[in-house]
Amino acid sequence: MEADNRKTEFLPYKIVCERGYGEYEEKKSRFLAEIVPASSIEEAMAFVESIRKKHYDARHHCYAYVIGRNKEMTRYSDDGEPGGTAGKPILEVLLGADVTDTVAVVTRYFGGTLLGTGGLVRAYTQAAKEGMAACRIGRMCYGARMTVGIAYGDVGRVQHLFETKKVTVQDSRYTDQVEYDIRVPDKECEDLEKAIIEATAGRADLVLVGKEYYMEQMETN
């Protein structure tokens, strides 16, 4: 088991980086979904409580969260709905989207008609899917944080190299030389260093600042 944990320690993972909101209606019952980032259980539960206060007049506030790079912590609550009809479907939507560090709350305003277990599962699932579809998803990648210093005459070649290799450039500075703060996946770091040195005939100044997780890309789910 420990060996498996070491293998997966630095794998990429996806997070919700901008909240999503969705609605679904079934026989006049309204289901309001809100999905936000949460990096800890405390943060997730604080969001659940904020939704309870926001929709204090609603009958149910069902939720689920997934936390940890390897989805180590999951939890769901039916909040008074029949067991397995609300929180579990919400959790399955999060797991199906392959996101972590995320909490979803679906608030139900009762419309006067009982939906039955099948209807509840369908409604909570669809509301959560609507909320997830509105989220912005970020892909987190473990890699090197580097500073690359080059002469102005090498800018075109190095920028083309960055574009070709899809290097994440987080900042740039133009003084007596050009400096780029970049992020590159750990497994590609050595090859990129060689490519930069070759492109600049050894003139580039490369500094490895450290290694960390960073957002490689962000997209609509």
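A brief report on the enclosed structure follows. Each residue is numbered by its place in its chain's sequence as written, counting from 1. At least 70 in pLDDT is required for a residue's local features to be given in this predicted model, at least 80 for side-chain atom pairs to be given and counted, and no such filter applies to totals for whole chains, interfaces and linings, which use all residues. With hydrogens and water excluded, all non-hydrogen atoms of the structure serve as input to the side-chain values.

This part is about the overall build of the protein. A run of H or I in DSSP becomes a helix once it reaches four residues, and a run of E becomes a strand once it reaches two; helices and strands are each numbered from the N terminus. Each helix and strand counted, the protein has six helices and eleven strands in total. Whereas a compact globule of 221 residues would reach a radius of gyration of roughly 17 Å, the protein reaches 23 Å, over 25% beyond that. Seen through its C-alpha atoms, the protein measures out along the principal axes to roughly 75 × 40 × 25 Å. When a residue's accessible area, from a 1.4 Å probe over protein chains only, is under 20% of the maximum for its type it is buried; when over 50% it is exposed; and in between it is partly exposed. Taking all 221 residues of the protein together, the buried fraction comes to 44%. In what follows, a contact means two residues having at least one pair of non-hydrogen atoms within 4.5 Å. Taking all contacts inside the protein whose residues are at least 6 apart in sequence as the whole, residues at least 24 apart take part in 74%. When we talk radius of gyration, it's over C-alpha atoms, and the globule rule is simply 2.2 Å times the number of residues to the 0.38.

Attention shifts here to the sheet that holds strand S2 (residues 20–26). For two strands to be treated as a pair, DSSP must find at least two bridges joining them. One open sheet holds the five strands; their spatial order is S2-S3-S7-S4-S5, and the pairing between them is antiparallel. Both edges of this open sheet fall to S2 and strand S5 (73–77), since each of them pairs with a single strand only. Adjacent strand axes in the sheet meet at a mean angle of 15 degrees when their direction is disregarded. Pairing between S2 and strand S3 (residues 29–37): seven bridges, direction antiparallel. When the bridges of S3 are listed, Gly22 appears paired with Ala33. Of the strands in this sheet, S3, strand S4 (60–67), S5 and strand S7 (102–109) touch helix H2 (residues 41–54), which is tilted by about 160 degrees from S4. Under this scheme, a helix contributes an axis fitted over its contacting stretch, all axes are lines through C-alpha atoms, and angles between N-to-C directions fall in the 0 to 180 degree range. Relative to S4, helix H3 (residues 87–96) is tilted by about 35 degrees, and along the sheet it contacts S3, S4, S5 and S7.

Further remarks concern the environment of Lys88. Looking at the secondary structure, you find Lys88 in helix H3. When the C-alpha positions of Lys88 and Ser77 are compared, they lie 7.4 Å apart, and in sequence the two are eleven residues distant. Leaving out residues up to four positions away in the same chain, Lys88 has contacts with Tyr76 and Asp78.

We call Phe, Tyr and Trp rings a pair once their centres come within 6.5 Å, taking the six-membered ring for Trp, and we label the pair stacked below 30 degrees between planes, edge-to-face above 60, and tilted otherwise. Under the counting rule described, the total for this entry stands at six aromatic pairs. Taking the centre distance of 6.4 Å and the plane angle of 40 degrees together, the rings of Tyr152 and Tyr174 count as tilted. With Tyr152 in the loop between strand S8 (136–150) and helix H5 (155–165) and Tyr174 in strand S9 (residues 168–174), this pair connects stretches of sequence that are 22 residues apart. Looking at Tyr174, the relative accessible area reads 48%, which means it is partly exposed. Through a chain of ring-to-ring contacts, three or more aromatic side chains come together here, namely Phe10, Tyr13, Tyr142 and Tyr213.

Here a cavity means grid points, on a 1 Å grid over the protein atoms only, where a 1.4 Å probe fits yet cannot get out; a pocket means an open set of points with protein on both sides within 12 Å along at least five of seven lines; lining residues are those with an atom within 4 Å of a point. Grid points are joined across faces, edges and corners, and a volume is the space filled by probe spheres set on the points. Taken as a whole, the largest pocket spans an internal volume of roughly 170 Å³. Forming the boundary of the largest pocket are Pro12, Arg139, Cys141, Tyr142, Lys165, Lys166, Pro185, Asp186, Lys187, Glu188 and Glu216. The greatest single-element share of the lining of the largest pocket, amounting to three residues, is contributed by S8. Think of it as three bins: nonpolar holds Ala, Val, Leu, Ile, Met, Phe, Trp, Tyr, Cys and Pro, charged holds Asp, Glu, Lys and Arg, and polar takes everything else, Gly as well. A class-by-class count of the residues in the lining of the largest pocket yields four nonpolar, no polar and seven charged.

Those residues of H3 not exposed but buried are Gly87, Pro89, Ile90, Leu91, Val93 and Leu94. On its buried face, H3 sits against S3, S4, S5, strand S6 (99–100), S7 and helix H4 (116–133).

Criterion for a disulfide: a pair of cysteine sulfur atoms within 2.5 Å. Under the definition given, this model contains zero disulfides. Counting only cysteine sulfurs, Cys135 is the nearest neighbor of Cys62, a cysteine outside any disulfide, at a range of 18 Å. Considering cysteine sulfurs only, Cys189 is the nearest to Cys141, which forms no disulfide, with 11 Å between them. Given a relative accessible area of 6%, Cys141 falls into the buried group.

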